[in-house]
Amino acid sequence: AHLAKVAVDPETGEVRVLDYVAAQDVGRAINPAEVEGQIHGGVVQGIGWALFEGMTYDESGQLLTATLMDYALPLSLDVPPITPLLVEVPSGLGPFGARGVGEPPVVPVAAAIANAIKDAVGVRLTQLPMTPERVLSALNEKQARQDDASEEKTG
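Given the structure is predicted, the values throughout are model-derived calculations rather than measurements. (Residues numbered from 1 in each chain as written. Predicted model: local features only at pLDDT ≥ 70, side-chain atom pairs only at ≥ 80, totals over all residues. Heavy atoms only, no water.)

A. Quick peek at the overall build of the protein chain. On a plain count of helices and strands, the protein chain comes out with 3 helices and 3 strands. The linear arrangement of helices and strands in the protein chain, starting from the amino end, is β-β-α-β-α-α. In summary, the protein chain has a C-alpha radius of gyration of 19 Å against a globular reference of 15 Å for 155 residues, an excess of more than 25%. Reported as C-alpha extents along the three principal axes, the dimensions of the protein chain are approximately 70 × 40 × 30 Å. Residues classed as buried in the protein chain amount to 34% of the 155 residues present. Taking contacts inside the protein chain between residues at least 6 apart in sequence as the whole, the part at least 24 apart equals 62%. When the accessible surface of the protein chain is split by element, carbon and sulfur atoms take 55% of a total near 9,500 Å². The averaged location of the 21 negative side-chain charges in the protein chain is 9 Å from the averaged location of its 10 positive side-chain charges. (Helix = DSSP H or I, 4+ residues; strand = E, 2+ residues; numbered from the N terminus. Rg over C-alpha atoms; globule rule 2.2 N^0.38 Å. Buried < 20%, exposed > 50% of the residue type's maximum accessible area, 1.4 Å probe, protein only. Contact = heavy atoms within 4.5 Å. Areas by Shrake-Rupley, 256 points an atom, 1.4 Å probe, with all protein chains shown as cover. Lys, Arg positive; Asp, Glu negative; His and termini not counted. Charge placed at Lys NZ, Arg CZ, Asp CG, Glu CD.)

B. Layout of the side chain of Ser91. Here Ser91 shows up in the loop between strand S3 (82-87) and helix H2 (109-121). Judged by its relative accessible area of 13%, Ser91 falls in the buried class. What Ser91 contacts, discounting residues up to four positions off in sequence, is Gly27, Gly97, Ala98 and Arg99.

C. Broad picture of the pairing of strand S1 (residues 2-8). Here S1 shows one buried face, formed by His2, Ala4, Val6 and Val8, and one open face, formed by Leu3, Lys5 and Ala7. Pairing of S1 with strand S2 (residues 15-25), which is carried by 7 bridges, proceeds in the antiparallel orientation. Looking at the pairing, Ala4 lines up with Tyr20 of S2. Hairpin connection from S1 to S2: 6 residues lie between these consecutive antiparallel strands, with Gly13 at a positive phi of about 85°. (Pairing = 2+ DSSP bridges.)

Take a look at the structure:
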C-alpha cells in the first residue's frame, strides 16, 4: 500500500510530492536498514516515472530526450520524506524467509500520485509522466466542462 500527499499549483500544473508512505511485505527483513533503503530508492524511481521521465520524439520520429541534458530525472529537492513500513511475512521461497524488495516499490508510485492529484484538484491523469503541461491541460478541460454545464443551466 502506498500513500502520497501532493501539492498542485492550479496556475502552472506543477505537482510536488510533499510526503510519502510505502508499506511493503518484505518477507523477513534480514537487514532492515538496507530494506528501507531499497524502498526509498524504488519510491524515488517511481516518482521519476510518475512526474518527470518521458521519451519525447519530433515529427520525424527522432528522439529528443536521448541524453541526461534532455531527459528529466527527479532531483534531491523533488524527493519528499519517505516513510517505509516493513511488513514481515516470511517467504517460504527466499533465503531465511526474505523477499525481493527493490523492484516492488516502483510500481504503485504513479497510481498513488495520480490518486493524490485527483483528490487535490479533481482531475484524473492517466498518462505518464504527469507533467505540469498535462496537469494544466486536465485542469483547463475540467474548467471548460464546468463552464459548459453552467451555461446549460442558465441558458
